[in-house]
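# Working through the structure, step by step
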Amino acid sequence: MTALRRIQKELKDITERPIDGITVEAQEDNLFIWNCSVKGASDSPYKGGTFRFKLELPNNFPFKAPSVTFQTKIYHPGINEEGHICVPILRDEWKPSVTLSTVLAVIQEKVNSPSPDDPFEPDIAALLKTDKPKFLETAKTWTKTHAAK
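Residues numbered from 1 in each chain as written. Predicted model: local features only at pLDDT ≥ 70, side-chain atom pairs only at ≥ 80, totals over all residues. Heavy atoms only, no water.

An unreviewed UniProt entry annotates the protein as Ubiquitin-conjugating enzyme of Leucogyrophana mollusca.

As structure tokens, then:
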């Protein structure tokens, strides 16, 4: 029951203070599942794209981190083919005091600032390091193909 109260509070906070470029919609019949999206920033290779992801909250939230799965394909060193995102706040840096607004802001930052450090996709990270123009071109192509509206 504690989890549900916390989720309702977090959802209310996000609704009252939305994050620019992020949409959040809790499933009507299950507040533990949120359908979200993040818009590619104008200064990123994901410009013009909207990337959908599902945020699933465990029954023992906030004592366990939510899981995030991207449903829109994205060419990114920190997001793997299955749509899982590599961010420490969802792994070993999780604390019950972390808000879902913070999680969403971290996801947005990660999407729009691809980095070869701590990659989920080593080949994409290597390309970003060794041939950034080719990485940017591929990321833009994937965005047009999979995420453009």
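## Here we look at the packing of helix α3 (residues 122-130) against helix α4 (residues 132-147)
Let me state the cut-off plainly: Where helices are involved, their axes are fitted lines through C-alpha atoms of the stretch in contact, as for all axes, and angles between N-to-C directions lie from 0 to 180°. Comment: elements are numbered from the N terminus, with helices defined as DSSP H or I runs of at least four residues and strands as E runs of at least two. For classification, angles of less than 35 degrees are called roughly parallel, those exceeding 145 degrees roughly antiparallel, those between 65 and 115 degrees roughly perpendicular, and all remaining angles oblique. The criterion used for residue contact is that any of the two residues' heavy atoms lie within 4.5 Å. Gly is put with the polar residues, along with every residue not named as nonpolar or charged; the nonpolar set is Ala, Val, Leu, Ile, Met, Phe, Trp, Tyr, Cys and Pro, and the charged set is Asp, Glu, Lys and Arg.
For the pair α3 and α4, the least separation of the axes is 5 Å and the interaxial angle reads 125 degrees. Accordingly, the angle class assigned to the pair α3 and α4 is oblique. Each of Ile124, Leu127, Leu128 and Thr130 in α3 lies in contact with α4, whose residues at this interface are Lys132, Lys134 and Phe135. Split into classes, the residues belonging to the contact of α3 with α4 amount to four nonpolar, one polar and two charged.

## Some remarks on the packing of aromatic side chains
Where we set the bar: Ring geometry is summarised as follows: Phe, Tyr and Trp rings, the Trp one being its six-membered ring, pair when their centres sit within 6.5 Å, and such pairs are stacked at plane angles under 30 degrees, edge-to-face over 60 and tilted between the two. Each residue is assigned to one of three classes by its accessible area relative to the maximum for its type, calculated with a 1.4 Å probe on protein chains only: buried under 20%, partly exposed between the two thresholds, exposed over 50%.
All told, the structure shown has five aromatic pairs when counted by the stated rule. Taken together, a centroid distance of 5.1 Å and an interplanar angle of 35 degrees make the contact between Phe53 and Phe70 tilted. Of the two residues, Phe53 sits in strand β3 (residues 50-56) while Phe70 sits in strand β4 (residues 67-70), which places them 17 residues apart along the sequence. By the burial criterion, Phe53 is buried, and Phe70 matches it. These aromatic residues form a ring-pair network of at least three members: Tyr75, Phe135 and Trp142.

## A few points about helix α2 (residues 100-112)
Rules: Expected helix span is given by 1.5 Å per residue-to-residue step, counting one fewer step than there are residues.
The terminal C-alpha atoms of α2 lie 18 Å apart, and with 13 residues this matches the ideal 18 Å at 1.5 Å per residue to within 8%. Looking only at α2, the buried set comprises Leu100, Val103, Leu104, Ile107, Gln108, Lys110, Val111 and Asn112. Packed against the buried residues of α2 are α1 (2-16), β1 (22-27), β2 (30-39), β3 and β4.

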